[in-house]
Amino acid sequence: MTKEMICILCPNGCNLVVYFDEKNPDGFKVENALCPKGKEYAQSEILDPRRTIATSVRVEDGEIPLVSVKIDRPIPKNKIFDVMREIKKLKLKAPIRSGTILISKVAGTEANVIATKTVERVK
Amino acid sequence: MIERDVVIIGAGPAGLACAVKLKEIGVSDVLLVEREKKLGGILNQCIHDGFGLHNFKESLTGPEYIERYVERLKKFNIDVLSDTMVVNLFQDKSMILSGPWGRERIRAKAIVLAMGCRERTAGAIGLAGSRPAGIYTAGVAQRLMNIDNYMVGNEVVILGSGDVGLIMARRLTLEGARVLMVLEKLPYSSGLPRNIVQCLEDYGIPLYLKTTVTKVYGKARVEGVEYVSLDDDGKPIPGSERFVKCDTLLLSVGLIPENELSREAGVEIHPITGGPIVNDTYQTNIDGVFAAGNVLHVHDLADWASMEGELVAEFAKRYLEGELSKAKRWIDVKAGKGIRYVLPHKISGERDVNFLFRVDSPYKNRYIIVRDKDRVIKKRRVINLHPAVMENINVKSEEMKGIESLEVMVE
Ligand SMILES: Cc1cc2nc3c(=O)[nH]c(=O)nc-3n(C[C@H](O)[C@H](O)[C@H](O)COP(=O)(O)OP(=O)(O)OC[C@H]3O[C@@H](n4cnc5c(N)ncnc54)[C@H](O)[C@@H]3O)c2cc1C
Ligand code: SF4
């Protein structure tokens, strides 16, 4: 089978042409990738598409009302909204340090939710 | 009057990187001025990842990217005045600073303009109809949602396919809003192809090309919009009007460099980029006034803005040391066939130049050519060219020996 897709791993956004055969996973061929990651991406996109997400969470007593968070590794695409729901349940109080793990292994995935911003406490 | 060696105006990715680089290469008297309390500019509200792929070799979110620079700023003990705005800038390189501490006039030997850009608004695109609540530019909506904890709406139409709008389509969807459609008047998206995939296609949000909003309905709050298809000349096709119910309209119709200050000081502005006209040392028409980042031309990546800041740091240092000799002559760089603009706008021919440019529409399998009249100086094959993607081509000074003109074009 042949499939065209855009690699989203970096802003180059290579227009990949992927040749594959479901019965023979070794016969996977990718054209137009500017770097080796393109092939990895195409394989994962066809067999097990994954994404990372970023959102924000309410913080009490903080200098700003929200702290930005992300997940530290890609999760299966169909888990995105499960993960969002778990993140929305968080109740946080300032101070929050950037890099702190807020939920580990969120929604049964391998990913951790971590703060991406430091929010200081104000009284 | 206090006099400093270098004053950098604006602490976004460009200004921060410039300040750090200046210290690294031994310029000690540097002052960084930022009008917001927090350093970092726009990236504080860009909570998604994709930053730093070039400069840090990993995918960081906006706030993390900024944090890396702020740590270095602290390590080098760089002088920062935040919550302070440069309110006036003069041709003699003096400026008035204003902050909660008061007002003061200072002068700099070299100035780096790094004020970033702002968004085009509804006024700038001439949208007809009433102005009910619920119309936001994409960047304002991003700030409201990511910093101020204010959800902008539930049923959203996005006008314009710029990257900020695409990012917001995904953001709104994750937060539970319904993004009904993205409308783009051009026959191609003005955002990066990767953002079309990961922000629209992933969530099943349709993108309608050659389509625009003609009317906004609603008195107190937006109740819907009318949109139409456009013909090849960009004119509405009669009878193609449709109505969609929504409570929010986001505008993602482009960014413009922020150059009120520059204009006031007499810096010449380029009609296409909206940023200063610079030569191959990134100096404007005023000696010792440099520009970097979105104030110069709108970058699609913060990494490039930072790299430009670092490049300018090198030139500013050499300027202070009196080493940036004036060129014997300036050659105007021409944006030829297929090219919307090229930077720098003027070259001496005596220095290697990395030309940055954008094409005027998408192209496939073409050559980028740099030439002096009929003499081809450089030629490179490219598979894909897209107006949303900034391109570059490097030319060495040896290759430009004896040139009389210079043109970059697509063939
Ligand atoms: C709404 C929006 C969203 C964006 N999203 C993305 C994205 O997702 N990914 C991406 O790669 N790029 C994004 N960009 C582009 C991004 O802005 C640039 O890549 C990068 O931030 C440019 O850096 P800069 O330092 O030139 O400008 P900025 O980050 O805009 O920084 C300019 C700084 O100058 C300060 N300033 C301005 N005038 C004065 C003055 N008179 N006195 C003192 N300080 C002043 C401002 O407060 C600001 O902090 C976005 C741009 C906008 C406008
Ligand atoms: S293939 Fe490599 S260069 Fe091309 S978009 Fe993917 S990561 Fe970027």
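Because the structure is predicted, anything quoted here is derived from the model rather than measured.

## Remarks on the overall build of chain A
So, point 1. Each helix and strand in chain A was counted, giving two helices and 10 strands.
So, point 2. Taken from the N to the C terminus, the helices and strands of chain A come in the order β-β-β-α-β-β-β-β-α-β-β-β.
So, point 3. Dimensions of chain A, computed from the C-alpha atoms along their principal axes, are close to 60 × 30 × 15 Å.
So, point 4. Residues classed as buried in chain A amount to 44% of the 123 residues present.
So, point 5. In chain A, 46% of the contacts between residues at least 6 apart in sequence involve partners at least 24 apart.
So, point 6. Accessible area for chain A stands at about 6,800 Å²; split by element, carbon and sulfur atoms hold 51% of it.
So, point 7. Here chain A contributes 22 positively and 16 negatively charged side chains, and the mean placements of these two sets differ by 6 Å.

## A look at the domain arrangement of chain B
Residue and element names in this part refer to chain B.
So, point 1. Domain parsing of chain B yields domain 1 (1–119 + 255–326), domain 2 (121–253) and domain 3 (327–411).
So, point 2. Relative placement of domain 1 and domain 3: their C-alpha centres are 26 Å apart.
So, point 3. In this complex, domain 1 contributes 22 residues to the contact, which on the side of domain 3 involves 19 residues.
So, point 4. Carbon and sulfur atoms make up 57% of the area that domain 1 and domain 3 hide from each other, which totals about 1,600 Å².

## Digging into the nonpolar core
So, point 1. In terms of nonpolar packing, the biggest core is built from 64 residues, with I8, I9, L22, Y65, M95 and L113 of chain B touching the most fellow members.
So, point 2. Leave out the neighbours within four places in its chain, and L113 of chain B touches I9, L89, S262, P276, V289, F290, A291, A292 and V295 of chain B.
So, point 3. Counting 47 residues, the second-largest nonpolar core is a separate cluster that includes I64, I71 and A94 of chain A together with I196 of chain B.

## Observations regarding empty space enclosed by the protein
Empty space among the atoms becomes apparent when a probe as large as a water molecule is rolled across them.
Residues and elements named next belong to chain B.
So, point 1. Evaluated as defined, the whole model comprises one cavity of 30 Å³ or more.
So, point 2. In this model, the largest cavity occupies a volume close to 100 Å³.
So, point 3. Its residues placed into classes, the lining of the largest cavity shows five nonpolar, two polar and three charged.
So, point 4. For the lining of the largest cavity, the domains that each give at least three residues are domain 1 (1–119 + 255–326) and domain 2 (121–253).

## So, the site of ligand 1
All names here are of chain B.
So, point 1. Taken together, 35 residues sit near ligand 1, with A14, E34, G41, H48 and N294 positioned nearest.
So, point 2. The separation between an oxygen atom of ligand 1 and a polar main-chain atom of A302 is 3.1 Å.
So, point 3. About the coverage of ligand 1: the protein hides 94% of its 980 Å² of free accessible area.
So, point 4. Secondary-structure elements contributing two or more residues to the shell around ligand 1 are α1 (13–24), β6 (85–89), α4 (138–146) and α8 (302–320).

## Details of the packing of aromatic side chains
All names here are of chain B.
So, point 1. Evaluated as defined, the whole model comprises eight aromatic pairs over all chains.
So, point 2. Look at F56 and Y69: their rings are 5.5 Å apart centre to centre, the planes differ by 65°, and that puts the pair in the edge-to-face class. Taken as a pair, F56 in the loop between β3 (49–51) and β4 (60–61) and Y69 in helix α2 (residues 62–75) lie far apart in primary sequence, 13 residues in all.
So, point 3. Exposure remark for F56: the relative accessible area of 14% places this residue in the buried category.
So, point 4. Pairing Y217 with F243 gives two aromatic rings, centres 5.4 Å apart and planes at 70°, and the pair type is edge-to-face. Note that Y217 is positioned in strand β14 (residues 211–217) and F243 in strand β16 (residues 242–245), a separation of 26 residues in sequence.
So, point 5. Over the face of the ring belonging to F56 we find R68, whose NZ or CZ atom lies 5.3 Å from the ring centre.
So, point 6. Directly above the ring of F90 sits R105, whose terminal nitrogen or CZ lies 4.2 Å from the centroid.

## Overview of the state of the cysteines
So, point 1. Scanning the model with the defined rule gives zero disulfides over all chains in all.
So, point 2. The closest cysteine sulfur to the non-disulfide-bonded C46 of chain B is located on C117 of chain B, 10 Å from its own sulfur.

## Here's the deal with the pattern of salt bridges
Note that side chains of opposite charge can pair when their charged atoms are close.
So, point 1. Scanning the model with the defined rule gives 41 salt bridges over all chains in all.
So, point 2. Of the charged contacts, one joins E110 of chain A and K105 of chain A as a salt bridge, the two residues approaching to 3.7 Å between their closest N and O atoms.
So, point 3. The salt bridge partner of E321 of chain B is K317 of chain B, with a shortest N-O separation of 3.8 Å.
So, point 4. Taking relative accessible area as the criterion, E321 of chain B reaches 44% and is therefore assigned partly exposed.
So, point 5. Within this structure, E45, R51 and K77 of chain A together with D202 of chain B form a network of salt bridges that share partners.

Definitions and cut-offs
Residues numbered from 1 in each chain as written. Chains lettered and ligands numbered in written order. Predicted model: local features only at pLDDT ≥ 70, side-chain atom pairs only at ≥ 80, totals over all residues. Heavy atoms only, no water. Helix = DSSP H or I, 4+ residues; strand = E, 2+ residues; numbered from the N terminus. Buried < 20%, exposed > 50% of the residue type's maximum accessible area, 1.4 Å probe, protein only. Contact = heavy atoms within 4.5 Å. Areas by Shrake-Rupley, 256 points an atom, 1.4 Å probe, with all protein chains shown as cover. Lys, Arg positive; Asp, Glu negative; His and termini not counted. Charge placed at Lys NZ, Arg CZ, Asp CG, Glu CD. Domains from an automatic or database assignment. Buried area = accessible area lost by both parts, 1.4 Å probe. Core = buried A, V, L, I, M, F, W, Y, C linked by side-chain atoms within 4.5 Å. 1 Å grid on protein atoms, 1.4 Å probe; cavity = no way out; pocket = protein on both sides within 12 Å on 5 of 7 lines; lining within 4 Å. Points joined across faces, edges and corners; volume = space filled by probe spheres on them. Nonpolar A, V, L, I, M, F, W, Y, C, P; charged D, E, K, R; others polar. Near = heavy atom within 4 Å. Polar contact = N/O pair within 3.5 Å; in protein donor to acceptor, adjacent residues only side chain to side chain. Phe/Tyr/Trp six-rings, centres within 6.5 Å; stacked < 30°, edge-to-face > 60°. Lys NZ or Arg CZ within 6 Å of the ring centre and 35° of its normal. Disulfide = S-S within 2.5 Å. Salt bridge = Lys/Arg side-chain N within 4 Å of Asp/Glu carboxyl O.

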